[in-house]
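Fold and geometry: a report
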Amino acid sequence: MTLLALEESRNLAEWLRLLAQPQRLTILSALLDGPHAVSEIETMTGIGQPTLSQHLGTLRRSGLIESQRESRAISYCMADTPDAARARMLLMTLRPDGQAVTPSAATPLRKANTQAASQDGARFARIVRPLSR
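Described below are features of the structure shown in this document. Keep in mind that this is a model prediction, so the values were computed, not measured.

A word on the packing of helix α2 (residues 22-30) against helix α3 (residues 38-45)
A packed helix pair is summarised by two numbers, namely the angle formed by the two axes and the spacing between the axes. Between α2 and α3, the least distance of the axes is 10 Å, while the angle of their chain directions is 120°. The interaxial crossing formed by α2 with α3 has right-handed handedness. Contacts from Thr26, Ile27 and Ala30 in α2 reach Ile41, Met44 and Thr45 in α3. The residue inventory of the contact of α2 with α3, partitioned by class, reads four nonpolar, two polar and no charged.

Put into structure tokens, the structure is as follows:
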């Protein structure tokens, strides 16, 4: 096994700090089975919109997830990057229940301009249906 250089250790520690946040791990685990709209992620995770938006933006800027806008809806999925693959493997390996999670074969969503996407914050609209009487 090769000894990590100090700079490599710092980079790894920073990457692990990104993941060492319960809401971010919950969001990433929700995306293991494929893309989801923001409203679905909110329902699945129980994380409120302001906090969810903040964490989605952080994960997107880090390159772990990608977003795609269709009209007013934004969907997120795991990115097709080495860091995202490592995060996926880490989540699947360290599940507390010991259950293996198999990611779907869904094609990752892509944005045409990744650099522009990394500068934007997460934006979404929530559509609320009126109650039926």
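So, the pairing of strand β3 (residues 73-78)
By the bridge criterion, two bridges tie strand β1 (residues 36-37) to β3 in an arrangement that is antiparallel. When the bridges of β3 are listed, His36 appears paired with Tyr76. Pairing of strand β2 (residues 65-70) with β3 involves six bridges; the strand directions are antiparallel. Within β3, the position partnered with Glu66 by the bridge is Cys77.

Let's talk about the sheet that holds β3
One open sheet holds the three strands; their spatial order is β1-β3-β2, and the pairing between them is antiparallel. What marks the edges here is a single partner per strand, and that holds for β1 and β2.

So, the nonpolar core
One finds Ile27, Leu28, Leu56, Leu64, Ile65 and Tyr76 to be the most contacted residues of the largest nonpolar core, which totals 22 residues. Listed by contribution, the elements that provide at least two residues to this core are α1 (6-19), α2, α3, α4 (49-61), β3 and α5 (82-93).

Looking at the packing of α2 against α4
As a packed pair, α2 and α4 sit with axes 10 Å apart at the nearest point and diverge in direction by 75°. When the interaxial angle is binned, α2 and α4 end up roughly perpendicular. Facing α2, whose interface residues are Gln23, Arg24, Ile27 and Leu28, α4 presents Leu52, His55, Leu56, Thr58 and Leu59. Each residue belonging to the contact of α2 with α4 can be placed in one class, and the counts come to five nonpolar, three polar and one charged.

Conventions and cut-offs
- Throughout this document, residue positions are counted from 1 along each chain, in the order its sequence is written.
- Selection of residues for local features in this predicted model requires a pLDDT of at least 70, selection of side-chain atom pairs for listing and counting requires 80 or more, and totals for whole chains, interfaces and linings are taken over all residues.
- Hydrogens and water are ignored here; the side-chain numbers use all heavy atoms of the structure.
- Structural elements are reduced to axes, namely lines fitted to C-alpha atoms, with helices fitted over the stretch in contact, and the angle between N-to-C directions of any two is expressed from 0 to 180 degrees.
- Comment: elements are numbered from the N terminus, with helices defined as DSSP H or I runs of at least four residues and strands as E runs of at least two.
- The crossing is said to be left-handed when, going from far helix to near helix, the turn is anticlockwise and less than a right angle, and right-handed when the turn is clockwise.
- Should any heavy atoms of two residues lie within 4.5 Å, those residues are counted as being in contact.
- Put simply, Ala, Val, Leu, Ile, Met, Phe, Trp, Tyr, Cys and Pro go in the nonpolar bin, Asp, Glu, Lys and Arg in the charged bin, and everything else, Gly too, in the polar bin.
- Should DSSP find at least two bridges between two strands, the strands are regarded as paired.
- Nonpolar cores were defined as sets of buried Ala, Val, Leu, Ile, Met, Phe, Trp, Tyr and Cys residues, with membership established by side-chain atoms within 4.5 Å.
- Partly exposed residues are those whose accessible area sits between 20% and 50% of the maximum for their type, while under 20% is buried and over 50% is exposed, using a 1.4 Å probe and protein chains only.
- To sort the angles, those under 35 degrees are grouped as roughly parallel, those over 145 as roughly antiparallel, those from 65 to 115 as roughly perpendicular, and the leftovers as oblique.

So, to be careful, I would describe these as geometric facts and stop short of saying anything about function.
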